[in-house]
Amino acid sequence: MERSKRNKAEVFRITGARMSLAEDVRGRQRRYVISMAIRTLSVIATVVLWNVQRPVAIVTLVAGALLPYVAVVIANAGRESTPALPSHFIPAPVHPALDEGNLKKSSDQS
């Protein structure tokens, strides 16, 4: 009976929380590996197509040359953009210390 009570504990969802550092690093590594795999396929396609379709081979050569830069930029583009956290705090309205009527009275007294 106690076990069923523990399983029905209320769970809170934190919508504004950032992903953990380990998850972020894992995602960036995955993006980098995918980009470098595409680069490897591009270089292999260049070698295979060089004597068959020279224009296509040149395009794959250029892609293979540019992908390392793109892969590094994509892999390093992490944790800079943070989601906006929901604000539950509503600041109190600002009231002036003295209203206009009190200002005129105090300036007349001096």
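Provided above is the structure to which this section pertains.
Draft legend 1. Looking closely at helix α3 (residues 54-76). For α3, which comprises 23 residues, the first-to-last C-alpha distance of 34 Å matches the rise-based estimate of 33 Å (1.5 Å per residue) to within 8%. Of all the bends in α3, the largest measures some 35 degrees and sits at Leu 67, one to four residues before the proline Pro 68. Restricting attention to buried positions, one finds in α3 the residues Ala 57, Thr 60, Gly 64, Leu 67, Ala 71 and Ala 75. Of the surrounding elements, those touching the buried residues of α3 are α2 (21-49).

Draft legend 2. The pattern of salt bridges, seen in detail. Following the criterion strictly, the structure yields one salt bridge and no others. Across the salt bridge formed by Arg 28 and Asp 24, the nearest N and O atoms sit 3.2 Å from each other. Here Asp 24 and Arg 28 lie together in helix α2, a separation of four residues that amounts to about one turn. Asp 24 shares its class with Arg 28; the two are buried.

Draft legend 3. Spotlight on the side chain of Ser 35. Position of Ser 35 relative to the elements: it lies in helix α2. Apart from the residues lying within four places of it in its own chain, the contact partners of Ser 35 are Leu 67 and Ala 71.

Cut-offs used in this document
- Residues numbered from 1 in each chain as written.
- Predicted model: local features only at pLDDT ≥ 70, side-chain atom pairs only at ≥ 80, totals over all residues.
- Heavy atoms only, no water.
- Helix = DSSP H or I, 4+ residues; strand = E, 2+ residues; numbered from the N terminus.
- Expected span 1.5 Å × (residues − 1).
- Bend = angle between axes of the 7 residues up to and from the residue.
- Buried < 20%, exposed > 50% of the residue type's maximum accessible area, 1.4 Å probe, protein only.
- Contact = heavy atoms within 4.5 Å.
- Salt bridge = Lys/Arg side-chain N within 4 Å of Asp/Glu carboxyl O.

Nothing here speaks to function; it is geometry throughout.
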